[in-house]
Every structure is written in C-alpha cells, then in structure tokens.
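Structure assessment
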Amino acid sequence: MTKLAAILTPLLILALAFAIIGCGAEESPTPTPSPAPTQTAPPTPVPTTPPPTATPTSSPTPEPTPVPTLSTEPPCRFHGTVQLDGADVPDGTIITAIVEGDEYTIETPAVYGPSTYAIKIVPPSAAPYGQGATIQFRIGDHAAAQTGAWETGGNIELDLSASSSP
C-alpha cells in the first residue's frame, strides 16, 4: 500500500498543479478586423487591330520522326571498372554498349568512383532482346576485350578493358 501511495501522491500533486495553473492553454487573441475591400470599376477596353493573317505557303509538311517506345520488360544493367592500356580512364570517357545494332552510351565515372561505369540497357518495345543476346562494349573509340550477354532484369558486374594499339 505504501508503494502505491508513493507513486500516486506525486501524480495527484502534479494533477492539482495543472488544474490550478492550467494546462498551458492561453486565451486566444481577439481577431483584428480587416478593412473591407474597395471595389473599383473594371478597366475600359481599348480596341485593338487584329494581327495580319499569314499567307499559306506551298511547302510540304515534314513527317514527324517516330519515337520508339521502351519495353515494359525489365532492363539489363552492366557495371564495373574501365581500363585502357592497363590504366584508369579519365572522367568523361564515353562507354558504349551495342546490342542488335542499338547503341547505349554513358560517361565515366559512375557512382562507384573514378574509372567505373554503370549502363542500363532498355530495349525498344517493338523488338525486345532475346535471352543471351551478345552485347559488345566500346571504351571511347576502342573495342573492349569483353562482351556481355543480355539477361532480362540482370545486374551484371563486368570489368572492361581495351587496348589503344591495333
């Protein structure tokens, strides 16, 4: 019983203190009335002269270039290090992935640091790539010694290297 009284007594005192002082609620301030908006007459319209009409020409209308739609199939992603002649490549080196004639390019560095790449290959919806389709890589203007294989939804680590000599 004394343990219960030892716990309840401070709580009762605290409750009484809040009741006497209040719970921190303050009286809300009296709102200040804002002045009523004044109405003004709408501006008088000014007559304008219509613009001259263009004379049609007989030049043919160019056909819009079709924009390929991307596949709903998950992309394949390749990432890794890049070396040319056994050394790291400078930032801004173009890395190209080529699959079935389609080219995908990025610049180094990737989020992994200097001389790295990460490229996502999303096939056009009209011609998704088959499993295992060969992917060739280029480092700048040089063919990489390594090739990859398309995997739907793949996240493949592939370190690339090339030689600048023939």
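To be clear, the structure that these remarks concern was listed above.
The rules behind these values
- Residues numbered from 1 in each chain as written.
- Predicted model: local features only at pLDDT ≥ 70, side-chain atom pairs only at ≥ 80, totals over all residues.
- Heavy atoms only, no water.
- Helix = DSSP H or I, 4+ residues; strand = E, 2+ residues; numbered from the N terminus.
- Buried < 20%, exposed > 50% of the residue type's maximum accessible area, 1.4 Å probe, protein only.
- Contact = heavy atoms within 4.5 Å.
- Core = buried A, V, L, I, M, F, W, Y, C linked by side-chain atoms within 4.5 Å.
- Pairing = 2+ DSSP bridges.

**Structural notes on the environment of Ala110**
For Ala110, the location among the structural elements is in the loop between strand E4 (102-107) and strand E5 (116-121). Exposure remark for Ala110: the relative accessible area of 16% places this residue in the buried category. Taking the C-alpha atoms as reference points, Ala110 and Thr81, 29 residues apart in sequence, are found 9.2 Å from one another. Residue contacts for Ala110: discarding those within four places in its chain leaves Thr116, Tyr117 and Ala118.

**Quick notes on the nonpolar core**
Core analysis: the biggest nonpolar cluster contains 22 residues, and Phe78, Tyr117, Ile121, Ile135, Phe137, Ile139 and Leu160 have the highest contact counts within it. Within the residue set of this core, elements represented by two or more residues are strand E1 (76-84), strand E3 (94-99), E5, strand E6 (134-139) and strand E9 (160-162).

**Description of the pairing of E1**
Relative to E5, E1 runs antiparallel, the two being bridged by 6 bridges. Among the inter-strand pairings, His79 is bridged to a residue of E5, identified as Ala118. Pairing between E1 and strand E8 (residues 155-157): 3 bridges, direction parallel. Paired with His79 across the two strands is Glu157, which belongs to E8. Sheet topology note: the E1/strand E2 (residues 87-88) ladder contains 2 bridges and is antiparallel. Each bridged residue has a counterpart across the sheet, and for Leu84 the counterpart in E2 is Ala87. Hairpin connection of E1 to E2: 2 residues between the antiparallel strands, including Asp85 at a positive phi of 60 degrees.

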